[in-house]
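Given next are the chains, with one letter for each unit.
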Amino acid sequence: ERGAGQLGAVIVGLQRTVHDAEATLRIFARCDEVFARVAAALEVDVPPPPPAGEFFVPLALEGRSEDQLLFHGLRYDAAGCRADEPCTSLDLREDAQLVITGGLHAGACGEVVGMDREGNIKCRFILRPAVGKLRAPMELILGRWWIQAAVDATVPRLPVVNAPDGTSPAVERLRDLIAKYAA
């Protein structure tokens, strides 16, 4: 169901999907070919892909090593909500303690365990299953684009923040979220 001002979904791919009937537009083609034509129609210059084995590096990460993944002065509060003024830091160095801020596992705690070959942040969280009580460690990836979004304050809420420290209304909201998830 579409809301006001929404035109619907577009599905691009070579195979049929279970959602084809719901799409406003269905294109049977390779994504690269479709988006090359869209870029040409919009007169957008698309840079060539990087050589094999090299990956895009956001500006916020250029020249940083794994032990330099500490970002100060972010315009987010301790619970990950965008703020008007710089008021938090985000530590994504190995062993940094993290909390998921929203979604099914909001309040789950974990830690940074390193980076994958593309430079995305690998995190291990203790997640509870939809059914049962067994909690298991799961490795999740924080894409590098989130770091640039955090630095630029372009998203309303960060997907992860560091474990709470100090006292503030945002810290208390985060602690409540953790307690609720742990219950």
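Shown above is the structure to which this text applies.
Residues numbered from 1 in each chain as written. Predicted model: local features only at pLDDT ≥ 70, side-chain atom pairs only at ≥ 80, totals over all residues. Heavy atoms only, no water.

Let's shift gears to the overall build of the chain. Helix and strand content of the chain: three helices and nine strands. Along the chain, from the amino end to the carboxyl end, the secondary structure elements read β-β-α-β-β-β-β-β-β-α-β-α. Each principal axis of the C-alpha distribution contributes one length, and for the chain these read about 50 × 45 × 35 Å. Burial analysis of the chain (183 residues in total) assigns 33% to the buried set. For the chain, the computed accessible surface area is about 12,300 Å², with 56% contributed by carbon and sulfur atoms. Positive and negative side-chain charges of the chain, numbering 20 and 25 respectively, have mean locations separated by a distance of 7 Å. (Helix = DSSP H or I, 4+ residues; strand = E, 2+ residues; numbered from the N terminus. Buried < 20%, exposed > 50% of the residue type's maximum accessible area, 1.4 Å probe, protein only. Areas by Shrake-Rupley, 256 points an atom, 1.4 Å probe, with all protein chains shown as cover. Lys, Arg positive; Asp, Glu negative; His and termini not counted. Charge placed at Lys NZ, Arg CZ, Asp CG, Glu CD.)

Taken in spatial order, the five strands line up as β8-β7-β6-β5-β9 in an open sheet, and their pairing is antiparallel. In this open sheet, the two strands that pair with only one neighbour each are β8 (136-142) and β9 (160-162). Pairwise comparison of adjacent strand axes, ignoring direction, gives a mean angle of 40 degrees for this sheet. Looking at chain direction, strand β5 (residues 97-100) and strand β6 (residues 109-115) are connected through three bridges and run antiparallel. Residue Gln97 lies in a different strand from β6, and its bridge partner there is Glu111. Sheet strands touched by helix α3 (residues 169-182): β5, β6, β7 (121-127) and β9. Its angle to β5, the strand with the most contacts, is close to 80 degrees. (Pairing = 2+ DSSP bridges. Axes fitted to C-alpha atoms, helices over the stretch in contact; angles between N-to-C directions. Contact = heavy atoms within 4.5 Å.)

When the terminal C-alpha atoms of α3 are compared, their 20 Å separation across 14 residues agrees well with the 20 Å that a helix rising 1.5 Å per residue should span. Turning to α3, its buried residues number three or more, namely Ala170, Val171, Leu174, Ile178 and Tyr181. Down the axis of α3, the smallest arc covering the buried residues is 100 degrees, so these residues share one side. Pointing more than 90 degrees away from the buried face of α3 are the exposed residues Pro169, Asp176 and Lys180. Contacts from the buried residues of α3 go to β5, β6, β7 and β9. (Expected span 1.5 Å × (residues − 1). Arc of directions from axis to C-beta.)

Here the focus is unusual backbone geometry. Backbone geometry places Glu43, a non-glycine residue, at a positive phi of 55 degrees. Tracing the chain through its elements places Glu43 in the loop between α1 (31-41) and β3 (70-74). Of the residues examined, Glu43 reaches a relative accessible area of 73% and is grouped as exposed. The backbone phi angle of Ala153 is positive, close to 55 degrees, even though this residue is not glycine. Overall, the relative accessible area of 8% leaves Ala153 in the buried class.

That's the geometry; what it means functionally is another story.
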